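# Structural characterization, general
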Amino acid sequence: MPLVWRLVTGMVWMTYGKTGVRTKPGNLPWLRMSERNFIINGKRQLQEHLIGLRSKRSYMNSKPHAIVIGAGFTGCAIAYDLALRGFDVSVVERGEISSGTSGRTHGLLHSGGRYCVTDVEAGIECIQENIILRKIAKQCIEYNGGLFVALSEEDLEYAVRFEKGAEECGIPIDKLTPAEAINLEPALNPKVLLAYTVPDGAFDPLRLAFAFAASAKQLGAQFFTYTNVVNIIIDGQRRVVGIEVNGRANDRNYEFRGDVVINATGAWAGAIADLIGLPVPIVPTPGVMVAYDQRLTNRVINRLVEPSDGDILLPQRRMSVIGTTSFEVEDADYIPVVEDQVAQMYKCACELVPAVANTKQRGVYMSARPLIGEALKGRSLTRTFKCYDHAEDGVEGMVTITGGKATTCRAMAEKTVDLVCKKLGINEVCTTANQPLASYRTYYQEQVAK
Ligand SMILES: Cc1cc2nc3c(=O)[nH]c(=O)nc-3n(C[C@H](O)[C@H](O)[C@H](O)COP(=O)(O)OP(=O)(O)OC[C@H]3O[C@@H](n4cnc5c(N)ncnc54)[C@H](O)[C@@H]3O)c2cc1C
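Position numbers for residues count from 1 along each chain, tracking the sequence in the order it is written. Reporting in this predicted model follows two pLDDT cut-offs: at least 70 for local features of residues, and 80 or more for side-chain atom pairs to be given and counted; totals over whole chains, interfaces and linings ignore these cut-offs and use all residues.

## Thoughts on the site of the ligand
Rules: Using the backbone to place each C-beta atom, any residue with that atom within 6 Å of a molecule or strand is considered near it. A run of DSSP states H or I qualifies as a helix once it reaches four residues; a run of E qualifies as a strand once it reaches two. Both are numbered from the N-terminal end. Domain start and end points were adopted from an automatic or database domain assignment.
Around the ligand there are 41 residues in total, and Gly-70, Gly-72, Gly-100, His-106 and Gly-266 lie nearest to it. Those elements giving two or more residues to the shell around the ligand turn out to be helix H5 (73-84), strand E10 (227-234), strand E14 (282-292) and strand E18 (361-372). For the shell around the ligand, the element with the most residues is E18, which contributes 4 residues. Counting only domains with at least three residues in the shell around the ligand, you end up with domain 1 (3-101 + 206-281 + 383-449) and domain 2 (108-203 + 283-372).

## Thoughts on helix H6 (residues 120-136)
To keep things clear, this is the line we draw: One less than the number of residues in a helix, times 1.5 Å, gives the span that helix is expected to have. Think of it as a crowd count around each C-beta: if 20 or more other C-beta atoms lie within 10 Å the residue is buried, if 12 or fewer it is exposed, and in between it is partly exposed, with C-beta placed from the backbone throughout. Think of it this way: build a C-beta for each residue from its backbone, and any pair within 7 Å is a contact.
Along its 17 residues, H6 runs 24 Å from first to last C-alpha, staying within 8% of the 24 Å computed at 1.5 Å per residue. Within H6 the residues assigned to the buried category are Ala-122, Gly-123, Glu-125, Cys-126, Ile-127, Glu-129, Asn-130 and Leu-133. Packing partners of the buried residues in H6 comprise strand E3 (108-109), strand E4 (141-142), helix H7 (153-169) and helix H12 (409-424).

## Quick word on H5
End to end, H5 covers 17 Å across 12 residues, agreeing with the expected 16 Å (1.5 Å per residue, within 8%). For H5, the tally of buried residues reaches 11 of 12 residues, placing the bulk of the element in the interior. Taken together, the buried positions of H5 are occupied by Phe-73, Thr-74, Gly-75, Cys-76, Ala-77, Ile-78, Ala-79, Tyr-80, Asp-81, Leu-82 and Ala-83. Those residues of H5 that are buried are in contact with strand E1 (65-69), strand E2 (88-92), helix H9 (205-218), strand E13 (260-263), strand E20 (398-403) and H12. Gly-86 sits one or two positions beyond H5 and adopts a positive phi of about 90°.

## Remarks on the sheet that holds E13
The strands making up a sheet associate through hydrogen bonds between their backbones, and the pairing can be parallel or antiparallel. Basically, it comes down to this: A pair of strands is treated as paired once DSSP finds two or more bridges between them. Angular values range over 0 to 180 degrees, each being the angle between N-to-C directions of two axes fitted as lines to C-alpha atoms, with helices fitted over their stretch in contact.
Strands sit in the order E9-E2-E1-E13-E20-E19 across an open sheet of 6 strands; the sheet is mixed. Edge strands, defined here as strands with exactly one partner in the open sheet, are strand E9 (222-224) and strand E19 (385-389). Each adjacent strand pair in this sheet contributes to an overall mean axis angle of 20°, direction not counted. As defined by bridge partners, E1 adjoins E13 across 4 bridges and the pair is classed as parallel. Within E13, the residue paired with Ala-66 across the bridge is Val-260. Against the sheet, H5 makes contact with E1, E2, E13 and E20, and its axis sits at roughly 170° relative to E2, the strand it touches most.

## Let's talk about the sheet that holds strand E11 (residues 240-247)
Taken in spatial order, the 3 strands line up as E10-E11-E12 in an open sheet, and their pairing is antiparallel. Whereas interior strands pair on both sides, the edge strands pair on one side only; in this sheet they are E10 and strand E12 (252-257). Taken pair by pair, the neighbouring strands of this sheet meet at an average axis angle of 25°, ignoring direction. Pairing geometry for E11 and E12, over 6 bridges, is antiparallel. Paired with Asn-246 across the strands is Asn-253, a residue of E12.

## A few points about the pairing of E14
Across the 11 residues that make up E14, a large majority, 11, are buried. Of the two faces of E14, both are covered, the one formed by Ile-282, Pro-284, Pro-286, Val-288, Val-290 and Tyr-292 as well as the one formed by Val-283, Thr-285, Gly-287, Met-289 and Ala-291. Sheet topology places E14 next to E18; 11 bridges connect them, and they run antiparallel. Bridging from a neighbouring strand, Tyr-292 pairs with Gln-361 of E18. In terms of strand pairing, E14 meets strand E17 (residues 319-323) through 4 bridges, oriented antiparallel. By the bridge assignment for E17, Val-290 is matched with Ile-322.

## Observations concerning the packing of H6 against H7
Geometrically, a packed helix pair is captured by the angle between its two axes and the distance between the axes. Cut-off, in case you're wondering: Should an angle lie under 35 degrees it is considered roughly parallel, over 145 roughly antiparallel, and from 65 to 115 roughly perpendicular; all remaining angles are considered oblique. Two helices that cross are described as forming a left-handed crossing if the nearer one is turned anticlockwise from the farther one by less than a right angle, and a right-handed crossing if clockwise.
One way to put it is that H6 packs onto H7 with a least axis distance of 9 Å and a crossing angle of 60°. Of the possible angle classes, the one that applies to H6 and H7 is oblique. Note on packing geometry: the crossing formed by H6 with H7 is right-handed. For the pair H6 and H7, contact is made by Val-120, Gly-123, Ile-124 and Ile-127 and by Gly-165, Glu-168 and Cys-169, respectively.

Structure below.
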């Protein structure tokens, strides 16, 4: 396996072993536990979904069936919200849960401070969801707080805009003198000129996705992993009635029929919509993250600047992770690791915390943001999200959700399911903000018990 690919898949590999996420159907070198369960336990469930079984059923008499494509943060949070509102839910994912962008993020529970000047809408969404996730997903979050630090005269000039932006977004900040900042974080660059505290946190990406998935599963949602969507099925009235998938464990194609299809495939959302010629202006915008083999600070350290490359150094368990960059690619499946960017991250990390220079690099990983936009470029693309009702494109029965952040995945799910309910004439409100998620540990427990 080439070194570059090893690095790209590093984060997921460390957790799942060999992922096979990009393995082509029929060319699966490893058979994993979930695949064995897929064949043994899943056969009965899959048969239920074969052509026509659900297609004639009216959801006036039974539960409406929603098919969610993609099991990243967004798809898992949507599955949970749908299940709470009484839907029968099938989630179809071509890899493992969280094996797309969600398994390879920085892991910053944004306070909104990063966006409060340049992208106020995203800043407000982040602080609101930060507060909710701390309540419902405690198990997945280290609530360590963060600092924005000024290291140059230019950074100091940004401070005025930062204070105004934080106030506008409702982000609580405190101004610190250099001595106070160093007292909180002794490894900080001693040249610090000014700092602000923000309510940042660090989340464990895999735990967060699995906590949403486990909560959905407890309410009856079914997850079909290693199942690649290859087509969207439309009837004569240009209404989406299901999907065709390829089961990667046995290289067989079959169909799911449902009342609504939700495209939650992040950076791949454009490709899925394109299967039936629907326009979704997604720009896969990757970034690199470099992990160092030592935890050097307890708080998230942000540079007090407009969003830019290498502006966040984050403690993740016993590591420190610096990120990130922002560039565009045609295909989110093939992201190059650019050595110059790795060197640039090292330089930025050393500026924030000089002790990085004495620390071993542990790994480099990349993934693509699903940013919305056509005319704008890279960092100018908004970090907020958008839900597309394809009825506006003349195709009923399908919605696409994309953009956003891990931090805002619950709100993205809420807006998506609100839209789905409205389309189907269902009068159920969202309750995901009010109750703690199930433990991420329970996702697989149930599977063993069956
Ligand atoms: C470098 C980087 C750092 C980031 N850091 C942070 C951060 O610190 N904090 C934060 O809040 N946000 C962060 N984000 C943003 C956040 O990670 C993403 O917004 C989020 O992970 C997107 O989740 P998603 O579920 O929409 O997409 P994904 O996690 O990509 O999920 C989409 C899923 O769809 C599946 N799929 C694709 N095609 C098919 C198909 N044909 N059939 C079946 N399944 C399919 C994929 O396998 C994938 O699992 C970061 C993003 C990047 C790129």
